[in-house]
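Coordinates in review
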Amino acid sequence: MRPADRLFRIIQLMRATGRAMTAAEIAEKMEVAPRTIYRDMDHLIASGAPIEGERGVGYMLREAFDAPPLTFTFEQLEALAFGLRAVEMLGDPRLGQAAREAKDKMVGMLPREHAERLLSAPIHAFRSSAQPEVPDCLGDVRSTLSSTRKVWIAYHSLPGERSQRVVWPLGLAAFGAIWVMTAWCEMRQSFRDFRLDRVEDWKVLGDRFEPAPHQTYQAYLKQLA
């Protein structure tokens, strides 16, 4: 890890902890020796960071301090670059366009060195020819999630069963290139998962539904994790 990245991570760690920390505690988190943290603290304090404390006692960040916005380590930039590229590959056209626009905004606000790292990160995402195409209804499903409207679907299950159902869309998940919609199924009266590549027809209805009980839905999601 570059020293500059470590200094930033120390500040973030102290902000998140909100209490005094010894050099040994910080060193364990940073995976370095305590003497390295002592040098880092001396550098931060000399640079004007509002850190109180001393060697052998501990260090605390004053609450008024806030780190500059859009400050990332190189590893964080690589994670963002990969995430944006994966969205372009796996998402629908509107989601892919949103990812490109978000990248352009970040490039315009980051320091030059960091912007170049975001653009040139050597981590890529590709779609295999063996993977299913992005479902046509993905964009519509995303829009429906915030509208709490019921949806009629014609569905073809993996075992070959065809059915028509009214569902309450609640969430989306990507399992590799497979998009799955979690919904409350009126026909089954329970939560069900529907692969979007097996939805043959889709129609948003005028009826709204009450959001599923938060705890019940969250418990269901934990079963999928």
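What counts and how
- Residues numbered from 1 in each chain as written.
- Predicted model: local features only at pLDDT ≥ 70, side-chain atom pairs only at ≥ 80, totals over all residues.
- Heavy atoms only, no water.
- Helix = DSSP H or I, 4+ residues; strand = E, 2+ residues; numbered from the N terminus.
- UniProt positions renumbered as here; feature names shortened; annotations may be inferred.
- Buried < 20%, exposed > 50% of the residue type's maximum accessible area, 1.4 Å probe, protein only.
- Pairing = 2+ DSSP bridges.
- Axes fitted to C-alpha atoms, helices over the stretch in contact; angles between N-to-C directions.
- Contact = heavy atoms within 4.5 Å.

All right, on to the environment of Ala81 then. By the element assignment, Ala81 lies in helix H4 (residues 74-90). Each C-alpha atom, one on Ala81 and one on Pro122, is 9.0 Å from the other, the two residues being 41 residues apart in sequence.

Turning next to the UniProt feature "transmembrane region" (unreviewed entry) in the protein. Look at the UniProt record and you will see "transmembrane region" (unreviewed entry) annotated at residues 166-185. Measuring from the first to the last C-alpha atom of residues 166-185 gives 6 Å, for a span that is 0% helix and 90% strand.

Extensive coverage of strand S3 (residues 149-156) is indicated by the burial of six of its eight residues. For S3 and strand S7 (residues 199-208), the ladder comprises six bridges, and the chain directions are antiparallel. Of the residues in S7, the one forming a bridge with Tyr155 is Val199.

We now examine the sheet that holds S3. Taken in spatial order, the five strands of this open sheet run S6-S5-S4-S3-S7, and their pairing is antiparallel. Sheet topology places strand S6 (190-195) and S7 at the edges, where each strand pairs with a single neighbour. Along the sheet, successive strands turn relative to each other by an average axial angle of 45°, direction set aside. By the bridge criterion, six bridges tie S3 to strand S4 (residues 162-175) in an arrangement that is antiparallel. Within the sheet, the bridge partner assigned to His156 lies in S4 and is Arg162. Of the strands in this sheet, S3, S4, strand S5 (178-185) and S7 are in contact with helix H7 (residues 138-145), which crosses S4 at around 85°.

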